[in-house]
Structures are given as structure tokens and as C-alpha cells.
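# An overview of the molecular structure
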Amino acid sequence: GHFSGRITAALVAAGAIALSALEGKGILIGTHIARCAGIPDRGFMDLQEDIRNLSGTGFAVLDNEAAGKMREAMEQAAKEGDSVGGILETAVTGLPAGIGEPWFDSLESVLSHALFSIPAVKGVEFGDGFALSDLRGSDANDSFAVQDGRITTRTNHNGGINGGISNGMPLLFRCAVKPTPSIYKEQDTADFFNRTEKKIVISGRHDPAIVHRARIVADCVTALVLCDVLAQRYGTDYLAGDGE
């Protein structure tokens, strides 16, 4: 059905083309499992190197020890007929400044719109996200600076976006992925026709986690959105030619 992860096959097929086109313009996209079953991965360090390493792994975690613990947690949940969720963190490098709009079609808005179409995604935050609410403006603001003749910021608390428009810094955001709802434990439900409560036990094959499968979908959805906004900014031939 339309809630199934199977609907993402088309997104990944189209996204693979978009990812290649963006890489040709020097824009790289990578997603890792920042957290699964409460187990954290290390954060991004050397963004471009980390992104390239992630593209060659089937289990997108930056720290091998964390990867092992996550796999164990997934396997334990499966043995108990249950499931676990996680958080995906995505980084984009090479995105030029000036992409997006300050109102309804802000860069955060269009990305969130698409990311929430990925089954099981229940939250999206950019930069430091909700943690910014605990800071003062003097700590949360990203001070501008000049480095090698280029305008940059000393920090990136806002995840590469100011006022809905990219500022030339790496784009950073996270997606919360809920535990797989289809589990083997007995659960409470209700009979729609008889208006009575009952128990349900489902059968079939169901993954104890989908966060590790969703990471490539996050990459591809991001690529599709960025191709769209870049085409709006520079024209539809931007990704096909040299952009001039």
C-alpha cells in the first residue's frame, strides 16, 4: 500500500540520476544513521571524505563500533518480535549560496515537504534544530567571516540556511524515523465495523528496523529537491551543461 517502503523504489531510481548530476556540479550528498535504538554514531567530521565513504557502505554508520551495537540492537528486537527506530543525519556540500526563497518555498520548506513523504519519517530539523531553543542569540547566531576571499560563517548552527535561503555553508539536517509499526507482538486494535476492541497478531516478513534502508531514500529525495530548486534559480539547463 501507499504506507509501504516499496513506494520509495521510484524515488531511488530517479534520485540516482539526480545524485550523479549534482556530483557533476561539485555537490555531494551523504546520510548516516546518527542514532538507532538509542545508540549514537559519531558526527560528521571531514564532510566530503565521510560522504564518499558512506557511498560505499551498505550500513551507513561512520563508527564501526557503533555499527556493531546497532546491528545487535536490531537483532535483539527481531528476536523479541519488536522493532527499533532511529535518526538519519544528512550533509550536503558544494551547494551555492542564494538557493531557496524566504517565504512559502523556503529551502527548509521544500525539503521538509519531500522528506515527510518518506514512510516512517516523523520529524525533520535543520542545523542544531530544537537545541537552538535553549541557546541565546549570541550563541546560536553564525558569525560571518571571510576565508580565502570567500564569505563564510565561523559556525554552522543553522545548517547552511538563513531566512529560507542557502548561505553557502554545508547543508545539514536530521530526520527522525519511527520504529517499524508492523511487529510480531500481540497488539490492541479495534473492529471498525462492530465497534469492538480486539487483539491482533500479524504475520508475514517485517523488518525490525527501516532506518538503515531509509538513508538512501533520504539522499535521493534531497537530490531531487535540490535539482528542482537549482533549476528554478539557474534554469533547467544548469545540470545538463556547464551552467553558463
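This write-up is about the structure you can find in this document. Here the structure is a predicted model, which means the values were calculated and not measured.

Next up on the list: the overall build of the chain. From N to C terminus, the chain includes 6 helices and 11 strands. In terms of overall dimensions, the chain is globule-like: its C-alpha atoms have a radius of gyration of 20 Å, near the 18 Å expected for 244 residues. Principal axes of the C-alpha set define a box for the chain whose edges measure 65 × 35 × 35 Å. Summarising the internal contacts of the chain: among those between residues at least 6 apart in sequence, 68% fall at separations of at least 24. Counting every atom, the chain has about 13700 Å² of accessible surface; 52% of that belongs to carbon and sulfur. With 22 positive and 31 negative side-chain charges, the chain shows a spacing of 6 Å between the two charge centroids.

For strand β4 (residues 121-126), a buried count of 5 out of 6 residues is recorded, marking the element as mostly surrounded by other parts of the structure. One ladder, built from 5 bridges, connects β4 with strand β9 (residues 171-177); its direction is antiparallel. Bridge pairing in β9 links Gly 123 to Ala 176.

Evaluated as defined, the whole model comprises 7 salt bridges. Between Glu 23 and Arg 52 there is a salt bridge, with the nearest N and O atoms lying 3.5 Å from each other. Here Arg 52 lies in helix α2 (residues 47-54) and Glu 23 lies in helix α1 (residues 8-24), a separation of 29 residues in the sequence. Among the charged side chains, a salt-bridge network with shared partners connects Glu 89, Glu 125 and Arg 174.

The next point concerns the sheet that holds strand β1 (residues 28-36). Strand order in the open sheet made by the 5 strands is β2-β1-β3-β9-β4, with antiparallel pairing throughout. Edge positions in the sheet fall to β2 (39-40) and β4, since each of these pairs with one other strand and no more. Of the pairings in the sheet, the one linking strand β3 (residues 86-93) to β9 comprises 7 bridges and is antiparallel in character. Note that in β9 the partner of Leu 88 across the bridge is Cys 175. Packing of helix α4 (residues 107-115) onto the sheet brings it into contact with β4 and β9, and relative to β4 it is tilted by some 160 degrees.

Taken together, Phe 144, Val 146 and Ile 151 make up a surface patch of nonpolar side chains, about 340 Å² in accessible area. Structurally, the position occupied by Phe 144 is in strand β5 (residues 144-147).

Within the span of α4, buried status applies to Leu 107, Leu 111, Ser 112, Ala 114 and Leu 115. The buried residues of α4 occupy an angular sector of 165 degrees when projected down its axis, which confines them to one face. Where α4 is buried, its residues touch β4, β7 (161-162), β8 (165-166), β9 and α6 (211-234).

Tracing the chain through its elements places Ala 77 in helix α3 (residues 64-79). Expressed as a C-alpha distance, the spacing of Ala 77 and Ala 37, which sit 40 residues apart in the sequence, is 9.4 Å.

This part is about the nonpolar core. In terms of nonpolar packing, the biggest core is built from 47 residues, with Leu 22, Ile 33, Leu 95, Leu 111, Leu 115, Leu 171 and Leu 226 touching the most fellow members. Secondary structure elements with two or more residues in this core: α1, β1, α3, β3, α4, β4, β9 and α6. The leading source of residues in this core is α6, at 11 residues. Every residue in contact with Ile 33, bar those within four places of it in the chain, is listed here: Asp 41, Phe 59, Ala 60, Val 61, Met 70, Ile 87, Leu 88, Val 211 and His 212. Counting 9 residues, the second largest nonpolar core, distinct from the first, contains Leu 54, Ala 60, Leu 62 and Ala 91.

Before going further, it helps to spend a moment on the layout of surface pockets. Computed from the structure, the second largest pocket encloses a volume of approximately 280 Å³. Taken together, 16 residues make up the lining of the second largest pocket; nearest its centre are Leu 19, Glu 23, Ile 29, Ile 51 and Ser 55. The dominant element in the lining of the second largest pocket, judged by the number of residues it contributes, is α1, at 5 residues.

Procedures and definitions
All residue numbers refer to positions counted from 1 along the written sequence of the respective chain. Selection of residues for local features in this predicted model requires a pLDDT of at least 70, selection of side-chain atom pairs for listing and counting requires 80 or more, and totals for whole chains, interfaces and linings are taken over all residues. Working from all heavy atoms in the structure, the side-chain values ignore hydrogens and water. For the purposes of this entry, the term helix denotes a DSSP run of H or I that reaches at least four residues, the term strand denotes a run of E that reaches at least two, and both are numbered from the N terminus. The globule rule is 2.2 Å times the number of residues to the power 0.38, and the radius of gyration it is compared with is taken over C-alpha atoms. Should any heavy atoms of two residues lie within 4.5 Å, those residues are considered in contact. The protein chains shown are the only cover counted for residues, whose accessible areas, like all others here, come from Shrake-Rupley with a 1.4 Å probe. Counted as positive: Lys and Arg. Counted as negative: Asp and Glu, with His and the chain ends omitted from the count. To locate a charge, the coordinates of NZ of Lys, CZ of Arg, CG of Asp or CD of Glu are taken. Buried means the residue's accessible area, taken with a 1.4 Å probe over protein chains only, is under 20% of the maximum for its type, while exposed means over 50%, and partly exposed covers the values in between. In short, DSSP must find at least two bridges between two strands for them to pair. The salt bridge criterion pairs a side-chain nitrogen of Lys or Arg with a carboxyl oxygen of Asp or Glu, the two atoms within 4 Å. Axes here refer to lines fitted to C-alpha atoms; in helices the fit is confined to the stretch in contact. Angles between the N-to-C directions go from 0 to 180 degrees. The patches reported here contain residues having more than 30% relative accessible area and no salt bridge. Joining distances are 9 Å for like charges and 5 Å for nonpolar side chains (Val, Leu, Ile, Met, Phe, Trp, Tyr). Think of the arc as the fan of directions from the helix axis to the C-beta atoms. For this analysis, a nonpolar core means a set of buried residues of the types Ala, Val, Leu, Ile, Met, Phe, Trp, Tyr and Cys, connected via side-chain atoms within 4.5 Å. Cavity and pocket criteria rest on a 1 Å grid covering protein atoms alone: a 1.4 Å probe that fits but cannot get out defines a cavity, protein on both sides within 12 Å along at least 5 of 7 lines defines an open pocket, and an atom within 4 Å of a point defines a lining residue. Grid points are joined across faces, edges and corners, and a volume is the space filled by probe spheres set on the points.

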